[in-house]
Every structure is written in structure tokens, then in C-alpha cells.
Amino acid sequence: MPDEASLRGETRVAIAQAKEAFWIQFKNPRPGDEAVNSLYQRIIKGDDTTIEEHPYAVQIFKDSDLVCGGSLISMRHVLSAAHCFMKGNNAVSPSHFTIIAGSEYFNRGGTEVSVSMIVIHDSYDPSTEDCDIAVVVLSSILIQSDQIKSIDIPKQGYSLPENTSVTFAGWGWTNASAYSPSNILQAVTVPTVNRTICAKHYAEKNLSNGQPSVVTDNMFCAGLLNVKTHARATVVGPRFSIRL
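The structure contained in this document is the topic of the report that follows. (Residues numbered from 1 in each chain as written. Predicted model: local features only at pLDDT ≥ 70, side-chain atom pairs only at ≥ 80, totals over all residues. Heavy atoms only, no water.)

**What to know about the overall build of the chain**
Definition in use: What counts as a helix is a DSSP run of H or I of at least four residues, what counts as a strand is a run of E of at least two, and both are numbered from the N terminus. Burial classes: relative accessible area under 20% of the type maximum marks a residue as buried, over 50% as exposed, and values in between as partly exposed (1.4 Å probe, protein chains only). We call two residues in contact when some of their heavy atoms are within 4.5 Å. Each accessible area is a Shrake-Rupley result for a 1.4 Å probe, and residues are judged covered by the shown protein chains and nothing else.
Within the chain one finds 2 helices and 14 strands. Counting across all 244 residues of the chain, residues that qualify as buried make up 50%. For the chain, long-range pairs separated by at least 24 residues make up 69% of all intrachain contacts whose partners lie at least 6 apart in sequence. About 11500 Å² of surface is accessible on the chain, with carbon and sulfur atoms providing 48% of the total.

Shown next as C-alpha cells:
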């Protein structure tokens, strides 16, 4: 096993890459049935897909529960959302978390690895969900295969034009009234949305705590305009990964 100094050195590199890659932050995509569900405002249903199509996608478990998805950015680092690893204002111990890579099936097959470290973005703001980014350090290095590959990272300053197609993949809900994961990896593609339109939309909406939902400069939006709902995107929203 590498010593702590070596591990932290590897992690600093991964964090630097992640911060550079997601200088523009994806924040909770909201498609659902027919790609968008306006009530729950999140991905509810997509099409069955294979892990070979999305080999970067991993499942993240807290104890025995699926809490989030993530994207492999190296064979030892997973990019995910900060809120997945928080309880109130405190980070949960890495000992509670494991990941499964290399399987399209929920909690079955693939390679299971424990987590040795979780690094929350130092500018993460739970009240606005800005910089909702974390880097997960695995306890061992995954072996690359057709089912396990890291995803390419865009360079800092990369900007997505309006109406660019983005694909979300994960094991989230398949029914708005059944809060359970999909048994097989799902994917859906939606277009990016004009930031001004999106910000206006979110300014008129309330979060569960009654506060307006903010679209910051670190976010972009994606969704379907014809159903009158939009998505702030996160690198990986709950149980989802994203591919440009």
C-alpha cells in the first residue's frame, strides 16, 4: 500500500484535473419520462444501455445503499458530487463507502472497491449547490478493460454552445412514484439550454427549503424546453454520470 503522502500527492493531481475540467459545473440534470419529468425535476427514465457504452460510470454505495453515481477520471479516482458524502455540514467517513465499476447491472457483477479518501471541493456551498464536486480515492487501482475506462476531461474554460447534446447515464429512478434504482444502466440525451432562460426559470422555482434555486457561473443547463422544465447540470448528479 502507498504511504499517505504518496496517496495525497496522487489525489492532488486528480483534484486539480477535476477542478480544471469542471470549471463549468454540471448540476442535477432533470429529465424524466419522455426524458423530462416536471414534478420531480430529475432524470426518471432513459433507455437501457451497456457498460461498454459508458465504461466510466460507477455506482457509489454508502453502507448497502446506492447514494450516487460517479465518473472514473483515472483508474483510482472517481469524480462525483460533494453532497453524496455529507451529513449536515460534516463529511461522512470514507469507510462507509464502496464503488462498483465495470457492470451495467445494479449491485451485481463488476469490480467492488472500498474508498480510502474523499476530497470535497473547497468552495462547495450546500445552500446554492455551487461547486458540488468531490474526488473519491479508491483503496486499490482498477484494471482497465472494455468495461472499465476513465472519461476524458475537457480543458479549463471549455464552453458548451447552446443546444449541444449531453448524455446522462446512471441507475436512478425509472418511475416517478417508485423511489428505487434501475436494475440496469440507463442513458438519456438532452440538449443544453440558454443560461438566461434557465436562470429565469430557476429564479421562479423554490427548493425544498423555500429558497430560490440559483444558477451560478459554474453551472450550465440542459433539458427540454418544450415541456417547460430545464436542468442545471452537475458533473454527476445523484446516481448519474455525464458525457459530452
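**Side note on the pairing of strand 11 (residues 186-193)**
Short version of the rule: Two strands qualify as a pair provided that DSSP identifies no fewer than 2 bridges between them.
Most of strand 11 sits out of view: 6 of its 8 residues are buried. Both strand 11 and strand 12 (residues 221-222) contribute to a ladder of 2 bridges, which runs antiparallel. The partner of V193 across the bridge, within strand 12, is C221.

**Focus on the environment of A82**
Position of A82 relative to the elements: it lies in the loop between strand 4 (77-80) and strand 5 (86-87). Along the sequence, A82 and H121 sit 39 residues apart, while their C-alpha atoms lie 7.1 Å from each other. Here A82 is in contact with I120, Y124, D132, I133 and A134, once residues within four sequence places are set aside.

**Considerations on the nonpolar core**
Heads up, the condition is: Buried Ala, Val, Leu, Ile, Met, Phe, Trp, Tyr and Cys residues that are joined via side-chain atoms within 4.5 Å together make up what is termed a nonpolar core.
Counting residues in hydrophobic clusters, the biggest one holds 23 residues, and the most contacted among them are I60, F85, I99 and L142. Listed by contribution, the elements that provide at least two residues to this core are strand 2 (57-62), strand 3 (65-72), strand 7 (97-101), strand 8 (111-120) and strand 9 (134-138). In this structure L142 touches L72, M75, A101, T111, V113 and I148, once residues within four positions along its chain are discounted. With 15 residues, the next largest nonpolar core counts I73, L79, I100 and A169 among its residues.

**Considering the state of the cysteines**
When the sulfur atoms of two cysteines share a covalent bond, that bond is a disulfide. Applicable threshold: For the purposes of this analysis, a disulfide is any pair of cysteine sulfur atoms at a distance within 2.5 Å.
Counted by the stated rule, this structure contains 2 disulfides. In this model C68 forms its disulfide with C84; the gap between the sulfur atoms is 1.8 Å. Torsion about the S-S bond of the C68 and C84 cystine: about -85°, corresponding to left-handed handedness. Residue C68 is located in strand 3, and its partner C84 is located in the loop between strand 4 and strand 5; the two are separated by 16 residues in the primary sequence. When sorted by exposure, C68 lands in the same class as C84, which is buried. The disulfide partner of C198 is C221, and the S-S distance across this bridge is 1.9 Å. One disulfide, between C198 and C221, carries an S-S torsion of -80° and so falls in the left-handed class. Residue C198 is located in helix 2 (residues 195-203), and its partner C221 is located in strand 12; the two are separated by 23 residues in the primary sequence. No difference in accessibility class separates C198 from C221, as the two residues are buried. In the chain, the bonded cysteines, taken in the order they occur along the sequence, pair up as 1-2, 3-4.

**Details of the environment of G69**
With respect to the helices and strands, G69 occurs in strand 3. Note: C-alpha distance between G69 and L79 (10 residues apart in sequence) is 8.9 Å.

**Here's the deal with the sheet that holds strand 8**
Our working definition: For helices, the axis comes from a line fit to the C-alpha atoms of the stretch in contact; other axes are also lines fit to C-alpha atoms, and the angle between any two N-to-C directions lies between 0 and 180 degrees.
With antiparallel pairing, 6 strands are arranged side by side around a closed barrel as 2-3-4-9-8-7. Sheet twist, expressed as the average angle between the axes of neighbouring strands with direction ignored, equals 40°. Sheet topology places strand 3 next to strand 4; 2 bridges connect them, and they run antiparallel. Each residue of the ladder has a partner; that of L72, found in strand 4, is V78.

**Examining the pairing of strand 8**
Both strand 7 and strand 8 contribute to a ladder of 4 bridges, which runs antiparallel. Looking at the pairing, I99 lines up with V113 of strand 8. Pairing between strand 8 and strand 9: 5 bridges, direction antiparallel. Considered in strand 9, the bridge of V115 is made with L138.

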